[in-house]
Amino acid sequence: MDCVKKWKLEKVAELKGGSDRTFLRVKKGDEYYVLLSDRSPAFFRYLEIQRLLRGASIGVPEIFSVDLERRCILLEDLGDLSLMRFVRGADIDEIRGVYRDLLAVLSRMQRDLSGTLGDVFGLRQLHDEIIYFEESFLSHFGVKLDEKKRGNLFELSTFIFENSPYGFMHRDFQSQNIYLKDGAFKFIDFQNAYEGPIFYDVASLIQDPYVELPRSLREELVDHYLSLVRAKGGRELFWKASVQRLMQALAAYVFLSEKKGKREFRRFIEPGMRLLREASLEVGLDWLADLLNELLRKVRP
């Protein structure tokens, strides 16, 4: 990578994830950084949204250097304490406290940054996620939906579009994209942010296959979020957004593991299916819950 030479950096390790972008942990003197390289248009989007979030006092990696020609960014190293890692080593009271604090930050971000992005995550994007679910996840198991069942899922997306309040939407607000550093939250992978339905990010955080929180805690966290935003019909919107988000996540896990060769994502398919089955029952999609029961028997050893 040219920027390593230009900035006289020492490579330490490559950081893996679901992205096609390249992340290197690098060192200069006694200081550690992360070097991001991205040749896609999302490079400029990253810079734009980083400035937006930082200007609103939302925790994001600090930028130290940018090379627009080589498409490199030298970033703050956030360390290794992702929310996913924190949850695996914490007790239930510590987890509850951190998630309540996160929901407060999320609700403020949704409110204060509403209307600041030109791109809207609307009905077409919601419907595209259903098509992605069918073409990536369901087709992997040899399942094809009939028109009535596909229509059920489109109706769910339409309900979200027509009834959810809109605000700033990270779009991948889950435990691998949230870090804890120096007592503060730091968010990454925000370049695909939109103006979108606020319950999508809430579902991403609470219904997270990477950590699969206990149901009782998830319900408590939903209650807490609803006390912060007071959205009409909030509980129904949460469960429908959970179905929407989990369909997208499962499609991504299959795509990443089977098409991109990132086998580490396979282990999140089963917890994602369990969460989607639960959410499907909450919104009356019993046929989807039954289908997931059948598919779970195929993925279990």
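Residues numbered from 1 in each chain as written. Predicted model: local features only at pLDDT ≥ 70, side-chain atom pairs only at ≥ 80, totals over all residues. Heavy atoms only, no water.

Engineer: Please clarify how the overall build of the chain should be interpreted in this entry.
Structural biologist: Within the chain one finds eleven helices and nine strands. With the principal axes as the frame, the chain shows a C-alpha extent of 60 × 40 × 40 Å. The burial tally for the chain puts 53% of its 301 residues in the buried class. The contacts in the chain between residues at least 6 apart in sequence include a share of 71% that link residues at least 24 apart. Accessible area of the chain: about 14100 Å², with a carbon and sulfur share of 47%. Charge separation in the chain, taken as the distance between the mean sites of 47 positive and 47 negative side-chain charges, equals 3 Å. (Helix = DSSP H or I, 4+ residues; strand = E, 2+ residues; numbered from the N terminus. Buried < 20%, exposed > 50% of the residue type's maximum accessible area, 1.4 Å probe, protein only. Contact = heavy atoms within 4.5 Å. Areas by Shrake-Rupley, 256 points an atom, 1.4 Å probe, with all protein chains shown as cover. Lys, Arg positive; Asp, Glu negative; His and termini not counted. Charge placed at Lys NZ, Arg CZ, Asp CG, Glu CD.)

Engineer: Even after reading the chapter, I still don't get helix 9 (residues 234-259), so can you show me in this structure?
Structural biologist: For the α-helix, the turn length of 3.6 residues means that residues three or four positions removed from each other point alike. For helix 9, spanning 26 residues, the distance from its first C-alpha to its last is 36 Å, which sits close to the expected 38 Å at 1.5 Å a residue. Most of helix 9 is tucked away: 21 of the 26 residues are buried. Note on helix 9: the residue one or two positions beyond its end, Gly261, has a positive phi of about 75°. (Expected span 1.5 Å × (residues − 1).)

Engineer: Would you explain the pairing of strand 5 (residues 72-76) in this entry?
Structural biologist: A regular strand places its side chains so that they alternate between the two faces of the sheet. Of all five residues in strand 5, five are buried, a share of seventy percent or more. With five bridges connecting them, strand 3 (residues 31-37) and strand 5 associate as antiparallel partners. Paired with Tyr33 across the strands is Glu76, a residue of strand 5. Once strand 4 (residues 63-67) ends, the chain turns through four residues before running back antiparallel as strand 5, passing Arg71 with a positive phi of about 60°. (Pairing = 2+ DSSP bridges.)

Engineer: What am I meant to see in the state of the cysteines here?
Structural biologist: As used in these notes, a disulfide is a covalent bond between sulfur atoms, one from each of two cysteines. Using the criterion set out here, one finds one disulfide in the structure. With a sulfur-sulfur separation of 2.4 Å, Cys3 is cross-linked through a disulfide to Cys72. Its S-S torsion of approximately 100° makes the covalent link between Cys3 and Cys72 right-handed. In this pair, Cys3 is assigned in helix 1 (residues 2-6) and Cys72 in strand 5, connecting sequence segments 69 residues apart. Of the residues examined, Cys72 reaches a relative accessible area of 1% and is grouped as buried. (Disulfide = S-S within 2.5 Å.)

Engineer: How do you make sense of unusual backbone geometry when you look at a structure like this?
Structural biologist: Glycine aside, negative phi is the norm for most residues, and most peptide bonds take the trans geometry. One non-glycine residue, Arg171, lies in the positive phi region at around 85°. Assignment of secondary structure puts Arg171 in the loop between strand 6 (166-169) and strand 7 (178-181).

Engineer: Help me understand the nonpolar core, please; the structure alone is not making it clear to me.
Structural biologist: Generally speaking, a soluble globular protein has its nonpolar side chains buried in company with each other. Within the largest apolar cluster, 92 residues are counted, with the highest numbers of intra-cluster contacts made by Leu83 and Phe137. Among all residues touching Leu83, those that are not within four sequence positions of it are Val98, Tyr99, Leu102, Ser175, Ile178, Leu180 and Leu205. Formed by ten residues, the second largest nonpolar core is a distinct cluster that contains Val4, Trp7, Leu9 and Cys72. (Core = buried A, V, L, I, M, F, W, Y, C linked by side-chain atoms within 4.5 Å.)

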